[in-house]
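# Topology and contacts: notes
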Amino acid sequence: MYLATTDAVAKASEQEQSGARRGRVAGPVLALGAVSLVTDISSEMVTAVLPLYFVLQLGLSPLQFGFLDGLYNGVTALVRLAGGYAADRGGRHKLVAGGGYALSALSRLGLLLAGGATAGIGAALAADRIGKGVRTAPRDALISLSSPPDTLGRAFGVHRAMDTTGALLGPLAAFALLWATADAYDAVFVVSFCFGLLGVLMLVAFVPGHLSPALPRSPHPAPERQRTQRHQPSAPRPRALHLLRVPAFRRVLVAAALLGAATIGDAFLYLLLQRRLDFAVSWFPLLPLGAAAVYLLLAVPAGRLADRVGRRVPFLAGHVALLGGYVLLLAPTDGWPLLIGVLLLLGVFYAATDGVLMALVAPVVAQERRASGMAVLQTGQALARLVAAAGFGAAWTLWGVETALTCAVLALTAAVAGAAVLLPRSDTSSGGST
């Protein structure tokens, strides 16, 4: 539990909470959103060109790329848990998150020094993913601890909208640099490092080091807190795996992992679009812009909707939208309708699921275990998506793209049905327990 050390801090927290209840987003959330915006410009500059570089320039097979893409998203599994645990011990959320941001920034220099060597590039990407894994849970815990329970959807929506602004600008910057420098990847890596360093400096300057939570006590404490109050009067050590004993948390975790295991990576969708539409590869880095623009427009409305109707419904609806994107890639649709349709549905998927999932799980985890709980959830999702990426790449290589996509459609359909049964139906948007 975080305790205000002065009356001034307590008063500021009360004023911030009052503002959030009137519809304003807390200052730390906006500061973290600005940090994420700048950092995402850095990371997406690199991410936007990697599929093109690996598959079209290095000549990797879909199976090899599937394993690399899965590793790129799944290598963070253990460090997510370590980052959440370290952040919960002593309330060092800012320190741990800052270390993750700094490591990701330094990984850009690793890409620059790799000189095209696959091993060096792989090591730099692993460092970037480790940095992302370390920082994500502490950052999301800071957001949840800065916001009242009935505004969590809006708070995460605003943060994700700012984050996605960076994701929108990053590929544009990469495209402009490659065009201006005649495909000089080194220029992309240097500029990416500068933006990453700026994000670290902004975190140090503008994000508070200690927070007094803007969470009013609920008349019905979260299940994990009830267990703590009955059996341990003092605050427990934040052992993340103990959260698996909490039924509501366990159901959300299993549902998220099930859906993640049926979710193929974005890079595969972009490669499939390039394959179907056969456009010039120089336009490939711009593909993420369409989905990012939709995400940017819908993130805040989706968060507000989740606060009103409960977070379960938008979360499931987002996966139905992703399923529609898979079906569209199988359909005989071609040209602009295919391109716009897939990118639109992918953007809806992220707007309705990314921040909403964090808002869904926050009320069922006690404040002193918030970062650990989010780390466990994010780890389960990352490992599931590792399996999905490798599985889809293998299916594409062995059976062809149409069979692989058909399997993906069937798997996601079954996963949505299973998650609808697993996810708690009780509303957590107003701070009650699930």
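How each quantity is defined
Residues numbered from 1 in each chain as written. Predicted model: local features only at pLDDT ≥ 70, side-chain atom pairs only at ≥ 80, totals over all residues. Heavy atoms only, no water. Helix = DSSP H or I, 4+ residues; strand = E, 2+ residues; numbered from the N terminus. Buried < 20%, exposed > 50% of the residue type's maximum accessible area, 1.4 Å probe, protein only. Contact = heavy atoms within 4.5 Å. Areas by Shrake-Rupley, 256 points an atom, 1.4 Å probe, with all protein chains shown as cover. Core = buried A, V, L, I, M, F, W, Y, C linked by side-chain atoms within 4.5 Å. Phe/Tyr/Trp six-rings, centres within 6.5 Å; stacked < 30°, edge-to-face > 60°. pLDDT = per-residue confidence, 0-100.

The next thing to look at is the overall build of the chain. Within the chain one finds 17 helices and zero strands. Residues classed as buried in the chain amount to 56% of the 434 residues present. Within the chain, counting contacts between residues at least 6 apart in sequence, those at least 24 apart form 85% of the total. Working note: accessible area of the chain is about 17500 Å², and carbon and sulfur atoms make up 66% of it.

Counting 86 residues, the largest nonpolar core has Phe249 and Phe392 as its most contacted members. In terms of residue count, helix 15 (residues 335-361) provides more of this core than any other element does, 13 residues in total. With residues near it in sequence (within four places) discarded, Phe249 still touches Leu243, Leu244, Val361, Val364, Val365, Gly373, Val376 and Leu377.

The final tally for this structure, using the stated rule, is five aromatic pairs. Here Phe392 and Trp396 contribute two aromatic rings whose centre-to-centre distance is 6.2 Å and whose plane-to-plane angle is 65°, an arrangement assigned as edge-to-face. Taken together, the residues span about one helical turn, with Phe392 and Trp396 both in helix 16 (residues 370-399) at a distance of four residues. Both residues of the pair, Phe392 and Trp396, count as buried. An aromatic cluster of at least three residues, connected via ring pairs, comprises Phe268, Phe392 and Trp396.

Let us look at the confidence of the model for the chain. Close inspection of predicted coordinates is inappropriate in any region flagged by low pLDDT. Confidence along the chain averages 81 in pLDDT terms, with 78% of residues attaining 70 or more. Per-element confidence in the chain is highest for helix 14 (residues 312-330), whose mean pLDDT is 96, and lowest for helix 1 (residues 7-21), whose mean pLDDT is 44. Of the regions scoring below 50 in pLDDT, residues 214-238 engages in 61 contacts with residues more than four places distant in sequence or in other chains. In this model, residues 428-434 is a region of pLDDT below 50 whose contacts with residues beyond four sequence positions or in other chains number 29 contacts.

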